[in-house]
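One-letter residues, chain by chain:
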Amino acid sequence: MMNPKRNRLARSGALLLVAMLLTATTGCTSALLTAMYLTGGSDTQAEFKDLKKKRVVVVCSPQVELKFRNMNAANKIGESVGKLIQKNVSKVDVVKHDEVIDWMDNNTYEEYAEVGRALEADMVISIDLYDFDIYKGQTIFQGKGSYTLCVTDCSTGETVFEKTPDPTFWPPTGGVPASDQSESQFRNRFIKVFSDQIARTFYSHDHRAYFADDSTAFD
C-alpha cells in the first residue's frame, strides 16, 4: 500500500506539472496559479485575536499627499475591511462604515481613540495609507499599496497592535495591459485584494488564496 504522505506529494507534483504544461502550451497564467493554490500548505493563524465580543471601528485614512487622489479608495478599503472582519470574526460588532465617516466628517478629533469612544466602540482599527496606485506604466496596470495597521484600545488610548508590512503588489507576477480592462474595473479588483490582505490579520486564513487572487487579475 502506498504511503499516504507520499501519495499526497505525488498528487501535488502531478497537479503542478499539468498546470505548467498548460501554461507552456496555452499561455494560461491562471492554470499555474491555481495549481500553486491546490498544492499549498495549511491555514495561517490570525496575528491579532482579541476582537471577539468587541465593538470595533475601522478607519482608513490616506496621507495628505494622497488624500485628494485616493480618498474614495481609502473609504472603500475601510468599508471592505470592516465587512470582512464582521463576516470572519466570531461575535464581533463592527460599526457601520457610513456611521464612522459621518462622525469623522462632522467632528474634530486628534486621535483615533476619540472616534471610537464617540461611537461607543471598544477598539479602533486604523489603516494609515502611505501609497496607493494602480499604474505600473502608462499602459500597464499593477496595484501597489503601503500602509501601517494599528489597533487602539479606546478605554486607554494605547496601541495594542501595530504592523507596517512590505508593500503589496498585485498581481505580484507582473502587470496587466490597460487594454484588457477599464481603470475602474482594475481599481475595484485591487481594492478587494488589498482589503482582504489587511483583514486577514484578524482571522485565520488559507495563505494559498493569495495565488488565487493573482489569477483573477487576468480574467
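Residues numbered from 1 in each chain as written. Predicted model: local features only at pLDDT ≥ 70, side-chain atom pairs only at ≥ 80, totals over all residues. Heavy atoms only, no water.

Asks: What exactly am I supposed to notice about the packing of aromatic side chains here?
Replies: Pairs of aromatic rings are described using the distance from one ring centre to the other and the angle between the two planes. Throughout the structure, instances matching the rule amount to 11 aromatic pairs. Their ring planes at 85 degrees and their centres at 6.2 Å tell us that phenylalanine 48 and phenylalanine 202 sit as a pair that is edge-to-face. In this pair, phenylalanine 48 is assigned in the loop between strand E1 (43–44) and strand E2 (55–62) and phenylalanine 202 in the loop between helix H6 (183–199) and strand E9 (205–206), connecting sequence segments 154 residues apart. With respect to class, phenylalanine 48 is no different from phenylalanine 202; both count as buried. Measuring from ring centre to ring centre gives 5.5 Å for tyrosine 147 and phenylalanine 194, while their planes differ by 85 degrees; the resulting arrangement is edge-to-face. Residue tyrosine 147 is located in strand E5 (residues 140–153), and its partner phenylalanine 194 is located in helix H6; the two are separated by 47 residues in the primary sequence. This pair shows no difference in class: tyrosine 147 is buried, exactly as phenylalanine 194 is. Among the aromatic residues, ring-to-ring pairing joins Phe132, Tyr135, Phe141, Tyr147, Trp170, Phe186, Phe190 and Phe194 into one connected group. (Phe/Tyr/Trp six-rings, centres within 6.5 Å; stacked < 30°, edge-to-face > 60°. Helix = DSSP H or I, 4+ residues; strand = E, 2+ residues; numbered from the N terminus. Buried < 20%, exposed > 50% of the residue type's maximum accessible area, 1.4 Å probe, protein only.)

Asks: Got a minute to help me understand the environment of glutamine 142 in this structure?
Replies: Following the sequence through the fold, glutamine 142 ends up in strand E5. Residue glutamine 142 is classed as buried on the basis of its relative accessible area, which comes to 11%. If we skip the residues at most four places from it in the chain, glutamine 142 touches Asp133, Ile134, Tyr135, Lys136, Phe169, Trp170, Pro171, Pro172, Gly174, Gly175 and Phe186. (Contact = heavy atoms within 4.5 Å.)

Asks: Which parts of the structure should I look at to understand the pattern of salt bridges?
Replies: Pairing between side chains of opposite charge can happen when the charged atoms of each approach one another. Throughout the structure, instances matching the rule amount to six salt bridges. Where glutamate 47 meets lysine 163, a salt bridge forms, and the shortest distance between an N and an O atom there is 2.9 Å. Residue glutamate 47 is located in the loop between E1 and E2, and its partner lysine 163 is located in strand E6 (residues 159–163); the two are separated by 116 residues in the primary sequence. Taking the relative accessible area as the measure of exposure, lysine 163 reaches 17% and is therefore buried. Across the salt bridge formed by aspartate 196 and arginine 200, the nearest N and O atoms sit 2.4 Å from each other. Neither residue differs from the other here; aspartate 196 and arginine 200 are each classed as buried. (Salt bridge = Lys/Arg side-chain N within 4 Å of Asp/Glu carboxyl O.)

Asks: It is not clear to me how the nonpolar core should be interpreted in this structure. Could you clarify?
Replies: A general tendency of soluble globular proteins is for nonpolar side chains to be buried together. Formed by 35 residues in total, the largest nonpolar core has its most connected members in Leu51, Ile77, Ile85, Ile125, Ile127, Phe132 and Phe202. If you list the elements that add at least two residues to this core, you get E2, helix H3 (64–88), strand E4 (123–137), E5 and H6. When residues no more than four places from it in sequence are discounted, the contact partners of isoleucine 125 are Leu51, Val56, Val57, Val58, Val59, Ile85, Leu149, Cys150, Val151 and Phe202. Membership of the second largest hydrophobic core comes to 12 residues, among which are Val95, Met104, Val115 and Cys154. (Core = buried A, V, L, I, M, F, W, Y, C linked by side-chain atoms within 4.5 Å.)

Asks: Explain helix H4 (residues 97–106) here, please?
Replies: Side chains that are three or four residues apart share a direction in an α-helix, a result of its 3.6 residues per turn. Among all positions in H4, only His97, Val100, Trp103 and Met104 are buried. Along the axis of H4, the buried residues cluster in a sector spanning 130 degrees; they form a single face. Across from the buried face of H4, at angles greater than 90 degrees, the exposed residues are Asp98, Asp105 and Asn106. (Arc of directions from axis to C-beta.)

Asks: Hey, could you run me through the environment of lysine 192 in this one?
Replies: Note that lysine 192 resides in helix H6. Through-space distance from the C-alpha of lysine 192 to that of lysine 76 is 8.9 Å; in sequence the pair is 116 residues apart.

Asks: How should I be thinking about unusual backbone geometry in this particular structure?
Replies: Trans is the prevailing form of peptide bonds, just as negative phi is the prevailing case for residues other than glycine. In this model, tryptophan 170 is joined to proline 171 through a cis peptide bond whose omega is -5 degrees. Topologically, proline 171 is positioned in the loop between strand E7 (168–170) and strand E8 (176–177). Here the phi dihedral of lysine 91 falls at roughly 60 degrees; this positive angle occurs in a residue that is not glycine. Note that lysine 91 resides in the loop between H3 and strand E3 (93–94). With a phi angle near 60 degrees, glutamate 120 is a residue other than glycine that sits in the positive phi range.

Spatial relationships are all this shows, so hold off on functional conclusions.
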